[in-house]
Amino acid sequence: MKGLVTRIILLAAVFTPFSALARSGIYIDLQPGWSDLSDMPSSRQIGAASLSKDHFPSFRGSIGYLHDFNRLFGFGFEIGRGIYSTYRYKTPNQITTKARFTTYEFMSLWELHLQHHYDLFAKVGGGRNYFNVNTTTFDNPGPATKIRPIVAIGTNYNFTRHFALTVSYLHAFGQSISNFDSKPWRVPSMNALLAGCRISF
């Protein structure tokens, strides 16, 4: 029995995380990266001669609060602003239609602290997504705005209690768009790969 207890203690020591560098408090995330819009119309569908896509640089910034319940788990909230992909459709007579995707986001944060330096996190929430089509080719009703679910997963590498590198994948749910004739315009889905830093206070 004594040997069994000893083995349990040793296993707990191996698999229990060290004191994590992350801690409760306010933080700021700054993440440039790459993004793309899903289910957007092709140049042929809207009668354009060419289509160019600006995937990079995209950018997301956020401010939030994380509360650590213990050495392993943390929970928090954040608000964010994202500036993502721009699509440019050019007609044969060189008229450009520019479509840009931006967001205001409110997310819950679930964080798992691993061995000392590493965190895994998931974010679940929603965003007010803006799809602005700047065009003279189609009637322009103004930016389309929709409140849609947004999710993200990622990891942090903590150098100190106040500074970490962070990498994440983010998905904003939306709709398929086949043309810009329908009014009001729909808001597409968006995928982003982001890498940056977290500053904690």
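Predicted model only: the values in this text are computed from it and were never measured. (Residues numbered from 1 in each chain as written. Predicted model: local features only at pLDDT ≥ 70, side-chain atom pairs only at ≥ 80, totals over all residues. Heavy atoms only, no water.)

In terms of regular secondary structure, the chain is built from one helix and nine strands. In sequence order, the secondary structure elements of the chain are arranged as α-β-β-β-β-β-β-β-β-β. Across the chain, the fraction of contacts at a sequence separation of at least 24, relative to all contacts at a separation of at least 6, is 67%. About 10700 Å² of surface is accessible on the chain, with carbon and sulfur atoms providing 65% of the total. (Helix = DSSP H or I, 4+ residues; strand = E, 2+ residues; numbered from the N terminus. Contact = heavy atoms within 4.5 Å. Areas by Shrake-Rupley, 256 points an atom, 1.4 Å probe, with all protein chains shown as cover.)

Here the bond from F56 into P57 is cis, since omega is 5°, no more than 30 degrees from zero. Here P57 shows up in the loop between β2 (50-54) and β3 (58-68). Backbone geometry at D39 places phi at a positive 55°, although glycine is not the residue there. When you line up the elements, D39 lands in the loop between β1 (25-38) and β2. With relative accessibility at 48%, the residue D39 sits in the partly exposed group. With a phi angle near 70°, Q94 is a residue other than glycine that sits in the positive phi range. Along the chain, Q94 turns up in the loop between β4 (73-90) and β5 (96-113). (Buried < 20%, exposed > 50% of the residue type's maximum accessible area, 1.4 Å probe, protein only.)

Time to look at the pattern of salt bridges. Under the counting rule described, the total for this entry stands at seven salt bridges. Residue D54 is joined to R88 by a salt bridge in which the shortest nitrogen-to-oxygen separation is 2.0 Å. Of this pair, D54 sits in strand β2 while R88 sits in strand β4, placing them 34 residues apart in sequence. Residue classification places R88 among the partly exposed residues on the basis of a relative accessible area of 30%. For E78, the salt bridge is made with K123, and the minimal N-O distance between the two is 3.1 Å. Here E78, found in strand β4, pairs with K123, found in strand β6 (residues 118-134); they are 45 residues apart in sequence, far enough to count as distant. K123 matches E78 in its accessibility class, with the two residues each being buried. (Salt bridge = Lys/Arg side-chain N within 4 Å of Asp/Glu carboxyl O.)

On to the environment of I28. With respect to the element layout, I28 can be found in strand β1. For the pair I28 and F163, spaced 135 residues apart in sequence, the C-alpha separation works out to 9.9 Å. The residues touching I28, leaving out its near neighbours within four places in the chain, are S62, I63, C197, R198, I199 and F201.

Once that is clear, we can look at the nonpolar core. In terms of nonpolar packing, the biggest core is built from 23 residues, with M40, F101, F131, F180 and M190 touching the most fellow members. The set of elements that each furnish at least two residues to this core consists of β4, β5, β6, β7 (144-158), β8 (163-172) and β9 (189-200). The contact partners of M190, leaving out residues within four places of it in the chain, are S35, D36, L37, Y84, F101, L170, H171 and A172. (Core = buried A, V, L, I, M, F, W, Y, C linked by side-chain atoms within 4.5 Å.)

This paragraph deals with the confidence of the model for the chain. Any segment with low pLDDT has predicted coordinates that should not be analysed in fine detail. The predicted model of the chain averages 85 in pLDDT, with 83% of residues at 70 or higher. When the elements of the chain are averaged for pLDDT, helix α1 (residues 2-15) gives the smallest value, 46, and β8 the largest, 97. For the stretch residues 8-18, pLDDT sits under 50, and the model shows 10 contacts to residues farther than four places along the chain or on other chains. (pLDDT = per-residue confidence, 0-100.)

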